[in-house]
Amino acid sequence: MHIVTRGIVLRETNYKDADKILTVLTEKLGKCTVKARGCRRKGSALSASAQLLAWSDITLLEYRDRLTMTEGATLELFPRVRQDLDRLALGSYFAQVTEAAAPEGEPEGEMLALLLNCLYALGELDRPLPQVKAAFELRLLEAAGFGPRLEGCAACGAEQPEQPCLHLREGLLYCRACRAGAGEGVSMPLSPAALAALRYICASPRRFLSFRLDGESLNLLSNAAEALLLTQLERGFQTLDFWKSLQAPDVK
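The present account deals with the structure reproduced in this document. It should be emphasised that the depicted structure is a prediction, and the values quoted were computed from it without experimental measurement.

Details of helix α3 (residues 109–124)
One turn of the α-helix equals 3.6 residues, which is why residues spaced by three or four share an orientation.
And then number 1: For α3, built from 16 residues, the straight-helix expectation of 22 Å at 1.5 Å per residue is met to within 8% by its first-to-last C-alpha distance of 22 Å.
And then number 2: Within the span of α3, buried status applies to Met-111, Leu-112, Leu-114, Leu-115, Leu-116, Cys-118, Leu-119, Ala-121, Leu-122 and Gly-123.

Quick word on the environment of Gln-83
And then number 1: Inspection of the secondary structure puts Gln-83 in the loop between α1 (79–82) and α2 (85–101).
And then number 2: The spacing of Gln-83 and Gly-123 is 40 residues in sequence and 9.3 Å in space, taken between C-alpha atoms.

Here's the deal with the sheet that holds strand β7 (residues 172–174)
And then number 1: If you walk across this open sheet you meet the three strands as β7-β6-β8, and the pairing is antiparallel. At either margin of the open sheet sits one strand with a lone partner, and together these are β7 and β8 (187–189). Averaged over all neighbouring strand pairs, the angle between strand axes comes to 30°, with direction disregarded.
And then number 2: In this structure, strand β6 (residues 165–167) lies alongside β8, joined through three bridges in antiparallel fashion. Note that in β8 the partner of Cys-165 across the bridge is Pro-189.

Looking at the packing of α2 against helix α8 (residues 238–246)
Packed helices, taken two at a time, are described by the angle their axes make and the gap between the axes.
And then number 1: The geometry of α2 relative to α8 is characterised by a closest axis approach of 8 Å and an angle of 160° between their N-to-C directions. Judged by the inter-axis angle, α2 sits roughly antiparallel to α8. In the packing of α2 onto α8, the handedness of the crossing is left-handed. Every residue of α8 that contacts α2 at Leu-85, Asp-86, Ala-89, Leu-90, Ser-92, Tyr-93 and Gln-96 is listed here: Gln-238, Thr-239, Leu-240, Phe-242, Trp-243 and Leu-246.
And then number 2: By residue class, the composition of the contact of α2 with α8 is eight nonpolar, four polar and one charged.

Parameters at a glance
Sequence order sets the numbering: in each chain, residues are counted from 1 along the sequence as written. For this predicted model, a pLDDT threshold of at least 70 governs which residues receive local features, and a threshold of 80 or more governs which side-chain atom pairs are given and counted, while totals over whole chains, interfaces and linings are taken from all residues. Computation of side-chain values: all heavy atoms of the structure, hydrogens and water removed. The secondary structure listing takes helices from DSSP runs of H or I that are at least 4 residues long and strands from runs of E that are at least 2 residues long, numbered from the N terminus. In this analysis, the expected span of each helix is defined as 1.5 Å times one less than the number of residues it contains. For the exposure calls, accessible area comes from a 1.4 Å probe over protein chains only, and a residue counts as buried if that area is under 20% of its type's maximum, exposed if over 50%, partly exposed in between. A pair of strands is treated as paired once DSSP finds two or more bridges between them. For helices, the fitted line uses only the C-alpha atoms of the stretch in contact; every axis is such a line through C-alpha atoms, and the angle between N-to-C directions lies from 0 to 180 degrees. Convention used here: angles under 35 degrees read as roughly parallel, angles over 145 as roughly antiparallel, angles from 65 to 115 as roughly perpendicular, and any remaining angle as oblique. Take the far helix as your reference; a near helix turned counterclockwise from it by less than a right angle gives a left-handed crossing, and one turned clockwise gives a right-handed crossing. The contact rule is simple, with two residues in contact once any of their heavy atoms fall within 4.5 Å. Residue polarity follows a fixed list, in which Ala, Val, Leu, Ile, Met, Phe, Trp, Tyr, Cys and Pro are nonpolar, Asp, Glu, Lys and Arg are charged, and the others, Gly among them, are polar.

Put into structure tokens, the structure is as follows:
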């Protein structure tokens, strides 16, 4: 049976002499494993569609519960992301996180749209990379059902907590004084501006990058979003470590 869909490559692994095994997030099938036969041969019609972060129209042959890519026509390769090592490293991190969070074989339109939008933002929008990264991490957690609860302090109920902080394991907001009596666990500090941005991102599934934040508040937002994602997904990411190794000392 042939299946025609669109998909983006989340991971590529060389296989045998000229093939690749791909993890692809597709519109119709969700996340799936696909073999691309001969895609590494010179002149292969599949070579462009079988590379990391390639968004393509693809045709898949399903046989004995295995999928093989038989046709591919690229729709977007995000060239400005590929031409900059910082952006490519961050885009690779986005792909690895999406692979970790997306369920196997279930359509996941929200995560797919999020990944495409954030890759576009990396290449085309004038936004600081830590802002795009934080927005991706928070929206990914929302899509996966791990978004934080940000209505107010979980202890006293204050809508605008004094010296706010985010409890990573619980995903709850606290005043600093209230947090001291709330038990064990790691919390990340937030400024009022960082909290406002965090709330905006989590409540805005479409225009989640339409805000401005810089300086220390952006650092606080970025650090909190990253720590929350790593805690909730209970794992680290080599692509994140590599991206951070590329950053100047003042970028957290």
